[in-house]
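Understanding the architecture of this molecule
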Amino acid sequence: MFDELTEVDIKKLKEELEYRITKVRPEILEDVKFARSHGDLSENAEYHAAKRERGKNESRIRYLRNMIKTAKVVEFSREDGMVGMFDTITYYVEEDDCEEQVRIMTSLRRDPERRIISKESPLGAALMGKKVGDRVCVNTDSGYSYYIVIRKIEKGEDDDSLEIRKY
């Protein structure tokens, strides 16, 4: 399976990879050496914590390398009047009688707490390609569905202001 990522996503992945290899890895190696110098390793909590951090960092490095290697770099169309990537959408939730807003990004930069969703999410998938005034059925993974009406589409750009997910 390939992740659909933008050039900005790839750039961010490469930046984090470089940082982890050149900055984090040497620091953790020094921590391991220092903790090892305290003697008996079987009861040395600092040593075990440093080794655990090294494992986390090496795991993240492998993940980043794999994401870069297997990513499918895509360009998203920018059709006026239709919901697309990077757009901010205001919609009305019929059953809750309220208006909400989300921004659609790649899965690598989703942040549900900040109302930034991926195009693969149930809501993101339902919104993609729709127009202002469209009534859309959102089907969740659990089988629940609800209706929304698109009220406003603000066109956005792929900028690097949003961080990639850490883990």
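Heads up: the structure comes first, above all this text.
Presented here is an overview of the structure given in this document. (Residues numbered from 1 in each chain as written. Predicted model: local features only at pLDDT ≥ 70, side-chain atom pairs only at ≥ 80, totals over all residues. Heavy atoms only, no water.)

1. Considering the packing of aromatic side chains
Counted by the stated rule, this structure contains 1 aromatic pair. Positioned over the ring face of Tyr 147 is Arg 135, at 3.9 Å from the centre of the ring. (Phe/Tyr/Trp six-rings, centres within 6.5 Å; stacked < 30°, edge-to-face > 60°. Lys NZ or Arg CZ within 6 Å of the ring centre and 35° of its normal.)

2. Focus: the nonpolar core
Formed by 23 residues in total, the largest nonpolar core has its most connected members in Leu 123, Leu 127 and Ile 148. Looking at this core, the elements that each hand over two or more residues are strand 3 (88-93), strand 4 (98-105), strand 5 (116-118), helix 3 (122-127), strand 6 (135-139) and strand 7 (145-154). The leading source of residues in this core is strand 7, at 4 residues. Contacts of Leu 127, omitting those with residues within four sequence positions, involve Val 83, Ile 89, Val 102, Ile 104, Ile 148 and Ile 150. Listed in part, the 10 residues of the second largest apolar core include Leu 17, Ala 71, Leu 108 and Ile 164. (Core = buried A, V, L, I, M, F, W, Y, C linked by side-chain atoms within 4.5 Å. Buried < 20%, exposed > 50% of the residue type's maximum accessible area, 1.4 Å probe, protein only. Helix = DSSP H or I, 4+ residues; strand = E, 2+ residues; numbered from the N terminus. Contact = heavy atoms within 4.5 Å.)

3. Some points on helix 1 (residues 7-36)
Helix length check: helix 1 (30 residues) gives 42 Å between terminal C-alpha atoms against 44 Å at 1.5 Å per residue, within 8%. Of all the bends in helix 1, the greatest measures close to 40° and is centred on Arg 20. Every buried residue of helix 1 is accounted for by Val 8, Asp 9, Ile 10, Lys 12, Leu 13, Glu 16, Leu 17, Arg 20, Val 24, Ile 28, Val 32 and Ala 35. On the buried face of helix 1, the contacting elements are strand 1 (4-5), helix 2 (45-70) and strand 2 (72-73). (Expected span 1.5 Å × (residues − 1). Bend = angle between axes of the 7 residues up to and from the residue.)

4. What to know about the packing of helix 1 against helix 2
Where helix 1 meets helix 2, the axes come as close as 9 Å, and the angle between the chain directions of the two elements is 160°. The angle between the axes of helix 1 and helix 2 places the two elements in the roughly antiparallel class. In this structure, the crossing between helix 1 and helix 2 has a hand that is left-handed. The residue makeup of the contact of helix 1 with helix 2, split by class, is 14 nonpolar, 1 polar and 13 charged. (Axes fitted to C-alpha atoms, helices over the stretch in contact; angles between N-to-C directions. Parallel < 35°, antiparallel > 145°, perpendicular 65-115°, else oblique. Left-handed = near helix turned anticlockwise from the far one by under 90°. Nonpolar A, V, L, I, M, F, W, Y, C, P; charged D, E, K, R; others polar.)

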